[in-house]
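# Coordinate analysis (summary)
So you can see what is in the structure, the chains are spelled out below.
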Amino acid sequence: MAKTLYNLMDWPEIETIIYSESDDPHALLGPHKTAKGLLVQAFIPAAEKVSLKLKETGKIYLMEMMEEPGFFAVLLPKKTKPDYTYLVTLEADETLEIEDPYRFEPVWEQTDTQKFNCGIHYNIYEKMGAIPMTMDGVEGVLFSVWAPNALRVSVVGEFNHWDGRCHQMRRLWDSGVFELFIPGLGTGCVYKFELKLKGSLMCMKTDPYGRCAESFPGAASIVTNTKEYVWQDEKWMKERTNRNVFTSPMNIYQLHLRDFSEKEDGKYKNYRELAEAVSNYAVRMGYTHVLLMAVNEYGEEEGYGYRTFGYYSPTSRFGTAADFQYFVDFLHQQGIGVLMQWTPIFFEKNDYSLNNFDGTFLYEHKDERQGFHKKRNACIFNYARPEVKNFLISSALFWADVYHMDGLMVTMADAVLYLDYDKRPGEFLPNMYGSNENLDGIEFFKHLNSIFKKKYQDVLLLADDKSGWPGVTGRVEENGLGFDLKFNNGWTEDMFQYMELDPLFRSGSYSDMLMTMIYAYMEKFVLAIDWESVMQRSLYERMPGDSELKAANLRVLYGYMMCHPGKKLMYIEQEPKWEDACSAEPNKAEENVKQFMEYMAACNAFYKRSPALFSMDFEEDGFEWINQISANENIVVFVRKTEKMEETLLVVCNFVPVARENYKIGVPYSGKYKEVFNSDNEVFGGSGIINPRIKTAKEDECDNREYSIRIKVPPLGISVFQYSQGGEKPARSSKKQSSLKNTLREKMKEAENAGDVEKQLKAAAEVAERKRAGRGV
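Presented here is an overview of the structure given in this document. (Residues numbered from 1 in each chain as written. Predicted model: local features only at pLDDT ≥ 70, side-chain atom pairs only at ≥ 80, totals over all residues. Heavy atoms only, no water.)

Here we take up the pairing of strand 3 (residues 49-54). For a regular strand, side-chain orientation follows a simple rule: the groups alternate between the two sheet faces. As judged from the six bridges shared by strand 3 and strand 7 (residues 84-89), these two strands associate in the antiparallel manner. Along strand 7, the bridge assignment pairs Val 50 with Val 88. The turn linking strand 3 back onto strand 4 (residues 60-62) is made up of five residues, and Gly 58 within it adopts a positive phi angle of 80°. (Pairing = 2+ DSSP bridges. Helix = DSSP H or I, 4+ residues; strand = E, 2+ residues; numbered from the N terminus.)

Quick look at the packing of helix 11 (residues 489-500) against helix 16 (residues 547-563) now. Between helix 11 and helix 16, the least distance of the axes is 12 Å, while the angle of their chain directions is 155°. Classed by the angle they form, the pair helix 11 and helix 16 counts as roughly antiparallel. For the element pair helix 11 and helix 16, the recorded crossing hand is right-handed. Counting all contacts with helix 11, which are made through Trp 491, Met 495 and Met 499, the residues of helix 16 involved are Asn 553, Val 556, Leu 557, Tyr 560 and Met 561. Considered class by class, the residues forming the contact of helix 11 with helix 16 number seven nonpolar, one polar and no charged. (Axes fitted to C-alpha atoms, helices over the stretch in contact; angles between N-to-C directions. Parallel < 35°, antiparallel > 145°, perpendicular 65-115°, else oblique. Left-handed = near helix turned anticlockwise from the far one by under 90°. Contact = heavy atoms within 4.5 Å. Nonpolar A, V, L, I, M, F, W, Y, C, P; charged D, E, K, R; others polar.)

What follows is about the sheet that holds strand 3. An order of 4-3-7-8 is seen for the four strands of this open sheet, with the pairing classed as antiparallel. For this open sheet the edge positions go to strand 4 and strand 8 (95-99), each flanked by a neighbour on one side alone. Strand-to-strand twist across the sheet, computed as the mean angle between neighbouring axes with direction ignored, equals 25°. In this structure, strand 7 lies alongside strand 8, joined through five bridges in antiparallel fashion. Residue Tyr 86 lies in a different strand from strand 8, and its bridge partner there is Ile 98.

For any two aromatic rings, the description comes down to two numbers: the centre-to-centre distance and the angle of the planes. Under the criterion given, the structure shown has 57 aromatic pairs. Summarising the aromatic geometry, the rings of Tyr 418 and Trp 469 are spaced 5.5 Å apart at their centres and angled 75° between planes, so their arrangement reads as edge-to-face. Separated by 51 residues along the polypeptide, Tyr 418 in the loop between helix 9 (414-417) and helix 10 (439-455) and Trp 469 in the loop between strand 26 (460-463) and strand 27 (485-487) bring together distant segments of the chain. Over the ring of Tyr 84 we find Arg 103, and its NZ or CZ is 5.8 Å from the ring centre. Between Lys 349 and the ring centre of Phe 372, over which it is positioned, the NZ or CZ distance is 4.5 Å. (Phe/Tyr/Trp six-rings, centres within 6.5 Å; stacked < 30°, edge-to-face > 60°. Lys NZ or Arg CZ within 6 Å of the ring centre and 35° of its normal.)

Further remarks concern the environment of Glu 387. Within the secondary structure, Glu 387 sits in helix 8 (residues 386-402). In this structure, the C-alpha to C-alpha distance between Glu 387 and Tyr 363, residues 24 residues apart in sequence, is 8.6 Å. Those residues in contact with Glu 387, other than ones at most four positions away along the chain, are Phe 116, Asn 117 and Trp 146.

The next point concerns unusual backbone geometry. A cis amide bond links Phe 216 to the next residue, Pro 217, at an omega of 10°. Its location among the elements puts Pro 217 in the loop between strand 15 (202-205) and strand 16 (221-222). In the Ramachandran plot, Asn 479 falls in the positive-phi region, its phi being about 70° despite a non-glycine side chain. Looking at the secondary structure, you find Asn 479 in the loop between strand 26 and strand 27.

Buried residues of helix 3 (residues 110-117): Asp 112, Thr 113 and Phe 116, and no others. Here the buried residues of helix 3 occupy an arc of 90° about the axis, which is enough to place them on one side. As for helix 3, its buried residues are in contact with strand 10 (138-146), strand 13 (177-183) and helix 8. Following helix 3 by one or two positions, Gly 119 has its phi on the positive side, about 80°. (Buried < 20%, exposed > 50% of the residue type's maximum accessible area, 1.4 Å probe, protein only. Arc of directions from axis to C-beta.)

What follows concerns the environment of Phe 193. Inspection of the secondary structure puts Phe 193 in strand 14 (residues 190-196). In this structure, Phe 193 is in contact with Phe 143, Ser 144, Val 145, Val 153, Ser 154, Val 155, Met 169, Cys 203, Met 204, Lys 205 and Asp 207, ignoring residues within four places of it in sequence.

Time to look at a negative patch on the surface. A cluster of acidic residues, Glu 619, Glu 620, Asp 621 and Glu 643, forms a negative patch on the protein surface. Along the polypeptide, Glu 620 turns up in the loop between helix 17 (588-608) and strand 30 (623-630). Judged by relative accessible area, Glu 620 falls into the exposed class, the value being 55%. (Patch = residues over 30% accessible without salt bridge, like charges linked within 9 Å, V, L, I, M, F, W, Y side chains within 5 Å. Areas by Shrake-Rupley, 256 points an atom, 1.4 Å probe, with all protein chains shown as cover. Salt bridge = Lys/Arg side-chain N within 4 Å of Asp/Glu carboxyl O. Lys, Arg positive; Asp, Glu negative; His and termini not counted. Charge placed at Lys NZ, Arg CZ, Asp CG, Glu CD.)

Listed below in structure tokens is the structure:
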């Protein structure tokens, strides 16, 4: 070795490279100016010989091997850094021409890392992870990862025989971010990050920002270019921008793609195949949106996707990122919106993902009472750490940007809001005030919603919160959490409890069914019969009676749901299997399924074409009780309205299997009423008790209304009448009705201002009792 070259060697630093302990390899490797010329150093462990080739002239310089195997250096008679490649000879005399990854300047700027460390680099997904790009005319992949407590981080994969010595990354300032541009790599490349931790411990981790990952039990990340797909949903996206979701029909079908994808030869159907199957079903059944469960990559199937590790990657069980983009695109072209389940709460406790990422509790809390959930065997995010919040907020924006998602549904939002969520005493650490509210989680939700809505006003954020937290859909500026919609789990629980009772005993729980209207306008609600509510027992199993009675119960429940204020969500198997153990007819269950599916499609279609059922969902003037005091009969009557009187709908629900002839009900206006929907139609498997003739209101007081009509009430059924003016004046409520209405409002307002829910319920019960006493026959 020439003495001049030897004297230029920094041997201590070379040892950090050789023993893979460097967090700044660019300081040594690659080209560096010296007083003697341009010093170029390379570390290629498997190389027997390395030469440097100038791109401009083609001139070749043989590099000298230093005292350590695989370490090469050459001194060029140049003052400026040229473009060059390495000619590498391996053991079997195989020669490769490769680019030097250590001759490129950082892609990140210091402002990027500063914003990230402050938790405000919201498009961080454009830098983090594995980003295919071209630098100085050279194609390759930029790898970046946040691991502040690692001693060294390397990119490993088949391209370097999973050898962490080959592609050691540089730490960017004091940000904790490591970066390396590797020329010659492209999409499809499988990789992981190898981290050397304190105590010389080693681990391999999946990329937290990876765009694609191997299917379980594999866990390596896969380089993916999500910008190559050419979208065809311009019409949908333009219409979405102009659509007011709060005054539009919204009927969501919740599904897991496994419901549509039976395994064939051990594999699921591809996203592209599923796109047609799902869209055909959604269109045929009349849904406006689908809500996809378990989109993010996850590990074991038993977790149902709640414990994900791929916050930036759709599960590869059904195909590639481009395949999933096609799935969303195809549904948009069929007029179906796509929402996804998003879980910024728990992540899997395993050796290959976020858990103990850099040898420390980086994404989770150190204290197990804050950072771990024993019952779910999952880690909990540390929302107090800016980089963790940045990771999650950026993830939400990523799905709206890269995959054109129409909304994200935050599952188990109460797990973010409360420190003791689903924990036993002693398993959680109270906040600074000694209570159970998660102050950092609350701030995270507000931060998420405020930033998300600044960029995507037409993309929904929904919350599944069972805790009763106030102001979930309230404006952040008014101390709300800022979500667009919230699941009305109270309605679901009350209705299930009521409907599971034998009809003979429902009278005693009649008030439970009405309870929801006390708080119906406190939030912007979605009525949800979701997966969680039926995963233990299906709706069919919950209903009392034989197969025909079960089907009738389901029809009235679903019809009541469609007419009740609030957007709608339904989870049901694509082809529900109703087992009828009592039936001697083998085809009876199959026939019930067919008829109920026809009923659901008709009900959904009726909902979508009836503005009164959706245009004023969140305005009190869009709903009015006519009769909510017939506990013995288990009948409720109410009106759904719009600003146009002719769009008014009169809804009659009967929750017992008793038909009623010539039943008198009060109506809001004089004029004519035509039955436009009846769940007891024989087409749906009903008994055929319908009202084929138009009913003309008569000046005959009932339900404290001046006008009334007489109808047939179907057993366990719902009947809906459309109002049409007949040239007569609108019916006025009696003074008694107005007085009671004012009394109700005054009592409810007083209780609401006091924040006393119990007082609200008592006020409602008192007014209902007074009204019951004065009701006409």
